[in-house]
Amino acid sequence: MRQELLIGLLGPDLLDYGVVRTEDDAFQIHVRRCFAYENVIRAGVGDAYSCGIFARVTGWLEALDVHYEMTPALGACMKVQGRACVYKFRVQARGV
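What you see is a predicted model; the values in this text were computed from it and never measured. (Residues numbered from 1 in each chain as written. Predicted model: local features only at pLDDT ≥ 70, side-chain atom pairs only at ≥ 80, totals over all residues. Heavy atoms only, no water.)

**Overview of the pattern of salt bridges**
Note the cut-off: For this analysis, a salt bridge means a side-chain nitrogen from Lys or Arg found within 4 Å of a carboxyl oxygen belonging to Asp or Glu. Here a helix means four or more residues in a row that DSSP labels H or I, a strand means two or more in a row labelled E, and each is numbered from the N terminus.
One pass over the structure, following the stated rule, counts four salt bridges. With a shortest N-O distance of 2.9 Å, R90 and E23 are connected by a salt bridge. Taken together, the residues R90 in strand β4 (residues 85-92) and E23 in strand β1 (residues 15-23) connect sequence positions 67 residues apart. Through salt bridges with shared partners, one network takes in E23, D25 and R90.

Right under this line is the structure:
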């Protein structure tokens with residue numbers, strides 16, 4: 001997956017993040033600044049917020065029939081929990 005595509009999916013002005021290739025078929029995304037996190041905290045609803053950023057990305061991957069594994073699984077916002085927002089993806093070639 002090219003980083004330009006990933007930037008387009010995540011939103012170039014909405015997030016500050018880094019992408020590191022960890023293996024031929026795997027990469028890690030580390031979100032340093034997230035507009036969604038900032039806004040749910042500002043609104044006072046952080047405890048009820050589940051990550052919508054990566055839900056959107058995984059929805060697109062599924063719609064494109066891209067086979068992938070993502071860890072950790074989607075759930076509550078990691079930043080709200082005081083954790084680093086880091087997701088690992090492994091992409092499988094078509095037909096695998």
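**Regarding the sheet that holds strand β2 (residues 26-34)**
Strands belonging to one sheet form pairs held by backbone hydrogen bonds; the direction of such a pair is parallel or antiparallel. Which entries qualify depends on this criterion: Between any two strands, at least two bridges found by DSSP are needed for them to pair. The angle between two axes is taken between their N-to-C directions and runs from 0 to 180 degrees, where each axis is a line fitted to C-alpha atoms and a helix contributes only its stretch in contact. Contacts between residues were defined by any pair of non-hydrogen atoms, one from each residue, lying within 4.5 Å.
With antiparallel pairing, four strands are arranged side by side in an open sheet as β1-β2-β4-β3. Of all strands in the sheet, those bounded by a partner on one side alone are β1 and β3 (67-71). Strand after strand, the sheet turns through a mean of 25° between neighbouring axes, direction not considered. Across eight bridges, β1 lies against β2 in antiparallel orientation. Bridging across to β2, R21 finds its partner in F27. Across the sheet, helix α2 (residues 35-43) touches β1 and β2, and the angle it forms with β2 is around 40°.

By themselves, these are just geometric observations and shouldn't be taken as functional.
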